[in-house]
Every structure is written in structure tokens, then in C-alpha cells.
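# Inside the fold
Chain by chain, the residues:
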Amino acid sequence: MQNVVIVGGTGGIGRQLALAHLARGNRVIVSGRDAARAQAVATELNATTGNDGEAYGIRTDLRHPTELARSLADLDAIGVDTVDTLVLAGMERDLNTVSAYDIARAVQLVTVKIVGYTTMVHLLRDRIAGSVLLFGGTAKDTPFFGSTTVSTVNAAVTGMVRTLSLELAPIRVNAIHLGIVADSPFWQGDRSMIDALAGDTLARDLTTTADAVHACLFLTDNPSANQIDLRLDGGRR
Ligand SMILES: NC(=O)c1ccc[n+]([C@@H]2O[C@H](COP(=O)([O-])OP(=O)(O)OC[C@H]3O[C@@H](n4cnc5c(N)ncnc54)[C@H](OP(=O)(O)O)[C@@H]3O)[C@@H](O)[C@H]2O)c1
């Protein structure tokens, strides 16, 4: 049984990745901004998976890096002294432009994805036994209107992969940069946009959550996968 910590595991892709690890019999700690919600999600995951693995929920609010050390006590309480896989997927959506620049939203996203992710790696550095996986996004290469901060922080994830893999070696550090994930709850309000964007990919189809989970498992499982900054979007024309 491996210990898998998924920050941002209470919803979306992180939650589906949690299910995949539970099916393998792993102990999975899912976290988000709120302890009660995280624990409720863990209860749901355990009910879904029966006796395969074990899920626990803790609070890890990346908006407040100076408070993240508290999550170590939560991991101690669960008995997690070794982390085989650390996944950093948490983020809040942000639409920001230079012309209508919302400084508070920008600072929050920079804090979550850059300082928050790095602080979690810092705090867990002596417990990580296998690998770290960071979530970026293809907006770093293909910006869209409103992605000013999103594009910037996702590009920073590329820098984090390079420097963290160097500093943590032999611990492996990889990143996944997804394009729009077609079945994400966030995008379901605009199916016509999803269908149009699918036509823009070389694969003529957008990435799905299942595709994303498959790629995450490759990056964390494969002992030679290190310093990979993987773009997964079906290919762009
Ligand atoms: N879905 C896409 O189309 C897409 C495309 C490109 C990149 N990505 C990247 O993939 C990752 C996952 O995306 P998703 O669509 O699965 O997201 P999602 O469905 O919106 O889920 C976000 C997760 O992050 C957690 N979270 C939000 N704010 C947090 C904070 N301050 N501290 C800790 N956790 C926080 C949420 O938990 P709580 O609500 O419980 O706090 C939730 O578990 C993100 O990093 C995103 O940038 C996604």
C-alpha cells in the first residue's frame, strides 16, 4: 500500500485520480480549502470503492502558505510518515486581463500555484519517497482572453519542474499541462465552445478526465519519468 497525497483531490481531476489510487489499494489523502468538505469527500470515496483502499480528508488551503505546516500534524494523525506520491492540483479559476486587472485575484492565484505548491513540497520534502506531480495548463503556451494570470502561473510550473527536480533528486518531479478537459464540470455550461475547440485539435477530440488520470499515473509510476513537462491536449494545429 502506498501513501498518496492529492492537494486539490476533493474535486475534478484530482478526485478521479484519488479513485484510481484507491482501486489500487492505496491510502489516499485528499485535501482542499475546507476540512469538513475534504472529510465528506473522503467518506464518499470510501463508500464508492468499498474495501479497496482508504481515503482521508484534510484541509490544505494553498491561499495561506504560512498556515500549511498544520497539514503535517494532520498527516501525523493519520500515520502518514512517508509520502509515495505528492500531487499538487489545487487551484481556483481566475479570469483576468491587463485592462481589467484584478490585483487581489492575481495575487491569490500566484500564491496558490507558485508559493503554495512550493511550500507543500518544502514541508513534505523529508517524507516524499517517490515523486511529485505538479499541475499546470496549456494556457502557458496558448493564452486565451482572460488568462493573463493563468498563463503566467502555468508557465511558472515549467520552471518549478526544473528547479524542484534538481533540488529534490533522486525524488522525481514532473508536471502535466492539460488543455481544456472536455468533461470537467466547469466547462459543461458551454458545450458549443467545447465542440468547437475539439475541432481545433489534431486528434479532433479534447482530452478527457480519464485521459488526464492515465497520464498522471504514467508520470508518477514510471521510475524513469523525471523532469517531464507534459503537454496533454490532443495536439494543436
Ligand atoms: N479542467 C481543465 O479543463 C483544466 C485545464 C488545464 C489545466 N487544469 C488544471 O488541472 C488542475 C485541476 O483542475 P480541475 O478542473 O480538476 O479543477 P476543479 O474541478 O476546479 O477542482 C479544483 C480542486 O482544487 C481544490 N482547491 C481550490 N482552491 C484550493 C486552494 N486554495 N487550496 C487547496 N485546494 C484548492 C478544490 O478543492 P475545494 O473546493 O475542496 O477547496 C478542488 O479539489 C488545476 O490545477 C487546473 O489548473 C485543468
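Calculation rules
Residues numbered from 1 in each chain as written. Predicted model: local features only at pLDDT ≥ 70, side-chain atom pairs only at ≥ 80, totals over all residues. Heavy atoms only, no water. Near = heavy atom within 4 Å. Polar contact = N/O pair within 3.5 Å; in protein donor to acceptor, adjacent residues only side chain to side chain. Areas by Shrake-Rupley, 256 points an atom, 1.4 Å probe, with all protein chains shown as cover. 1 Å grid on protein atoms, 1.4 Å probe; cavity = no way out; pocket = protein on both sides within 12 Å on 5 of 7 lines; lining within 4 Å. Sits in = over half its atoms within 2 Å of the grid points. Helix = DSSP H or I, 4+ residues; strand = E, 2+ residues; numbered from the N terminus. Nonpolar A, V, L, I, M, F, W, Y, C, P; charged D, E, K, R; others polar. Expected span 1.5 Å × (residues − 1). Buried < 20%, exposed > 50% of the residue type's maximum accessible area, 1.4 Å probe, protein only. Arc of directions from axis to C-beta. Salt bridge = Lys/Arg side-chain N within 4 Å of Asp/Glu carboxyl O.

### What about the site of the ligand?
Within the structure, the ligand sits among 30 residues, and Thr10, Ile13, Arg33, Arg37 and Ala89 are positioned closest to it. One of the side-chain N or O atoms of arginine 37 is found 2.7 Å from an oxygen atom in the ligand. Protein chains shield 91% of the accessible area of the ligand, which is 900 Å² for the free molecule. With respect to the detected pockets, the ligand is housed in the largest pocket. Ranked by the residues each element gives to the shell around the ligand, the list is headed by helix α4 (residues 103-124), at three residues. Here the residues of the shell around the ligand are counted per class, giving eleven nonpolar, twelve polar and seven charged.

### Details of helix α2 (residues 35-49)
Compared with an ideal rise of 1.5 Å per residue, which puts 15 residues at 21 Å, α2 spans 21 Å between its outermost C-alpha atoms and is within 8% of the ideal. Of the positions making up α2, those classed as buried are Ala38, Val41, Ala42, Leu45 and Thr49. Looking down the long axis of α2, one finds its buried residues gathered within 105 degrees of arc, a one-sided arrangement. More than 90 degrees from the buried face of α2, the exposed residues found are Ala36, Thr43 and Ala47.

### Quick look at the pattern of salt bridges
Overall, the coordinates contain 14 salt bridges when judged by the stated rule. Close ionic contact of lysine 140 with aspartate 141 constitutes a salt bridge, the shortest N to O distance being 3.2 Å. For lysine 140, a relative accessible area of 23% corresponds to the partly exposed category. Between lysine 140 and aspartate 229 there is a salt bridge; the shortest N-O distance is 3.9 Å. With lysine 140 in the loop between β5 (128-135) and α5 (148-168) and aspartate 229 in strand β7 (residues 229-232), the pair connects residues that are 89 residues apart, well separated along the chain.

### A look at unusual backbone geometry
Cis geometry is adopted by the peptide bond preceding proline 170, which originates at alanine 169 and carries an omega value of 10 degrees. Tracing the sequence through the fold places proline 170 in the loop between α5 and β6 (172-178). Non-glycine residue arginine 204 carries a positive phi angle of around 60 degrees. Inspection of the secondary structure puts arginine 204 in the loop between α6 (191-199) and α7 (209-221). In this structure, glutamine 227 is a non-glycine residue whose phi angle is positive, near 65 degrees.

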